[in-house]
Amino acid sequence: MGLFQTIRQWQDARHERKAHERMEKLAAQIVPLAEARDFRGMKGLLDKYRYSQDIACLMTEHLAKHDLIRTPEEAADREVLAMMESLKKSDHALRTGVRLAYIPSDSIGAIHRIVAMHTFLLDEYRNSHPESETPRPERSDANSAKRILSCCRKDRDARELAMLAVHGTEPSEYVKLRYQLKEDYSILNRICQGENFERVLSGKAADILEQKFENNLPQDFVTAMKHDREVLRLFASKPDSDRHLRIFAPCNRFDLQPRETPEDRRVRIAEAYARLDLRIARMTGEKPLLPCDVFLNKPLFEEALRRKDYFSLCDLVRLNRDNVPLVREWTGQLAGAHLFDDIQETKNPLLGSLVDQLNITRYGQETGIIPGGKDKEVSPLHLINACYTVMRHEHSLRLARVELPVPTPEELRTAVQVLDSARRGTDRDELRRTFAGEGEPSDYVKVRYGLSDSYQKVDYLLDMSVKEILADRLPSAASLKEKADKVKENIRQMAGSLAQGISEGKRLDSPLDTLCKDKEMLDVIANRHWGEYAVPDRNFQLRYGLEGTFDALHRIEQRRQSEQPDLKIHFDFLTSQQENELRHEASHESERIGDKLSTLAYHQRRENAPKADEEMKKGGQLPPKQRKPTI
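Everything quoted here is computed from the prediction, not taken from an experiment.

Draft legend 1. Looking closely at the overall build of the protein. A count of helices and strands for the protein gives 30 helices and zero strands. In summary, the protein has a C-alpha radius of gyration of 40 Å against a globular reference of 25 Å for 631 residues, an excess of more than 25%. Principal-axis analysis of the C-alpha atoms gives the protein an extent of 150 × 70 × 65 Å. Here the protein, with 631 residues, has 42% of them falling under the buried criterion. Of the contacts formed within the protein by residues at least 6 apart in sequence, a portion of 65% connects residues at least 24 apart. A total of about 35700 Å² of accessible surface is found on the protein, and carbon and sulfur atoms cover 50% of it.

As structure tokens, then:
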């Protein structure tokens, strides 16, 4: 019984093998037609074996190995549409299903890949030919076609894009459409790009690989990028050599410029090397090699500092955060570049990011933000942090749109102490030049010594004067120009007095404390009568434009003492007039300063609100819910 069963099994297996070979032979009839791209013949075979699921399945597998439909125009061809209809009506298609929206990603077969490619290209054809009568695929099927093709062709698309990035090989029509490269291959774009056409397309392909194939990069592409990086590193060591000719990928190609010095060429090589090194690090997850090449870091830093490219500066500091000597040298260059004492540069949030990057380096952690130890030696990093703190305070007072962290009064006082101990001589020289009319001081000196408001007033008056001239109101423009000249003269007098005070060793309060004291003094002047308060110093009078009224009151008092007593009523009348004018001006200035202080306090409360909420949550005390206002 066992022998007969074995013989029967062997005979059944032989019959099945012969039947399968016969089906393979029948299904192979479609291969020559697919190679010849005879869609009418393929339709005939599909119709002939429509009811044979096994033969239709084998035919579909053969068709999937060939790129049957390559362009949107082919997808809309009548013969191709007829062949696809025959394929979709076969028993094999009815059993597996060809409605792409209902096909899960783990059940994709050969027939689904063919239908998905045809659906995608047909949808692209209708997008470019809206007047065509060819039926448009449903939106759900078009989206599902993209999903299926992304799953099936991911490796192939990556290889085609890698060939484009490394060798400049033109990809398939599907890759052009799928990754928005179709317009780049137009004739007009080829003419416009000229010699840069291959380089531009190679760069776009590299960007697509980096963004969409991060975990599936072809090894040939990564190897080519690393090869070009090494070539650039060797070329940077000898800029006069011809090593750049060994660069492989068009997107990394380096062009020589006429009349270029070796130093300028080394800077450009270093920039290209840094871009490629960071790209490789992002794609592969490996550590960048740039920190290991100090001879490349220095020209990169100097060029970024010259262009005020804070993003590149942050990257360089971050990559070299463990190199204490190099970061110390860079910090000295940054402190001497006058970036942190310019109110316009302070508006850039990347400048604050650069300060943060410097503080978290190993050098920053060893040095600290403020001077410490017995000697309390001031380093360039201390100057950078202190100057940036003072400029952030001034930025907050100017009601700027870009919000920066507001320093606390204690931080501001500490910053002023650090800067006073390090640059009093520099401040005195700038004030002396201002007194001599040899230009304006730095923004930090304006803020530190209370000249910022006066300079803003001058700019405002001059802008109004220009507007009056454009409006053909010349008398008004001349009056505004005279007021601006008067404020400039007040600035010169204040600069001379402040420079003399520095020479005598006088110390000023922090800008915020000075502003608060000025507010109190202005309130006293606005609310009290003449003679009930001590007359403020000359710098205070010049700062707020009260010197003319105070001088007039002093002259009236001198005349009162020298003239006859019968004129007392007359002098009282003159004093009351000047006093009213003084109180009005003081009230106006006090209100203006009060608005600045209120805005500053608002920003501080806004920054401290999250911390207060966290503390209340930790303590178990939640703020009461406020009732919404009703109309």
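Draft legend 2. Expanded view of the pattern of salt bridges. Evaluated as defined, the whole model comprises 54 salt bridges. Where Arg-153 meets Asp-157, a salt bridge forms, and the shortest distance between an N and an O atom there is 3.2 Å. For Arg-153, a relative accessible area of 10% gives the class buried. Residue Asp-157 is classed as buried on the basis of its relative accessible area, which comes to 0%.

Draft legend 3. The nonpolar core, seen in detail. Membership of the largest hydrophobic core comes to 153 residues, with the highest contact counts inside it found for Leu-161, Leu-209, Phe-221, Leu-334, Phe-340, Leu-354 and Leu-431. Apart from residues lying up to four places away in sequence, Phe-221 is in contact with Ala-162, Ala-165, Val-166, Ala-206, Leu-209 and Met-283.

Draft legend 4. Highlighting helix α3 (residues 39–48). Within the span of α3, buried status applies to Phe-39, Met-42, Leu-45 and Leu-46. Projection of α3 onto a plane perpendicular to its axis shows the buried side chains occupying an angular sector of 120°, all on one side. Those residues of α3 that are exposed and angled more than 90 degrees off the buried face are Arg-40 and Lys-48. Where α3 is buried, its residues touch α2 (30–36), α4 (53–64) and α6 (78–88).

Draft legend 5. A look at the environment of Leu-81. Checked against the element boundaries, Leu-81 lands in helix α6. Residue classification places Leu-81 among the partly exposed positions, given a relative accessible area of 23%. It is 37 Å that separates the C-alpha atoms of Leu-81 and Gln-193, two residues lying 112 residues apart in sequence.

Draft legend 6. Summary view of helix α14 (residues 219–237). Compared with an ideal rise of 1.5 Å per residue, which puts 19 residues at 27 Å, α14 spans 28 Å between its outermost C-alpha atoms and is within 8% of the ideal. Looking at α14, one finds that the buried residues are Phe-221, Val-222, Ala-224, Met-225, Asp-228, Arg-229, Val-231, Leu-232, Phe-235 and Ala-236. On the buried face of α14, the contacting elements are α10 (154–167), α13 (197–212), α15 (262–284) and α16 (294–307).

Draft legend 7. Up close: the state of the cysteines. Scanning the model with the defined rule gives zero disulfides in all. Unpaired in this structure, Cys-152 has its nearest cysteine sulfur neighbour in Cys-151, at a distance of 6.3 Å. Cys-152 gets classed as partly exposed once you look at its relative accessible area, which sits at 33%. Here Cys-387 stays free of any disulfide, with the sulfur of Cys-314 as its closest cysteine sulfur at 17 Å. Its relative accessible area of 6% is what places Cys-387 among the buried residues.

Cut-offs applied
Residues numbered from 1 in each chain as written. Predicted model: local features only at pLDDT ≥ 70, side-chain atom pairs only at ≥ 80, totals over all residues. Heavy atoms only, no water. Helix = DSSP H or I, 4+ residues; strand = E, 2+ residues; numbered from the N terminus. Rg over C-alpha atoms; globule rule 2.2 N^0.38 Å. Buried < 20%, exposed > 50% of the residue type's maximum accessible area, 1.4 Å probe, protein only. Contact = heavy atoms within 4.5 Å. Areas by Shrake-Rupley, 256 points an atom, 1.4 Å probe, with all protein chains shown as cover. Salt bridge = Lys/Arg side-chain N within 4 Å of Asp/Glu carboxyl O. Core = buried A, V, L, I, M, F, W, Y, C linked by side-chain atoms within 4.5 Å. Arc of directions from axis to C-beta. Expected span 1.5 Å × (residues − 1). Disulfide = S-S within 2.5 Å.

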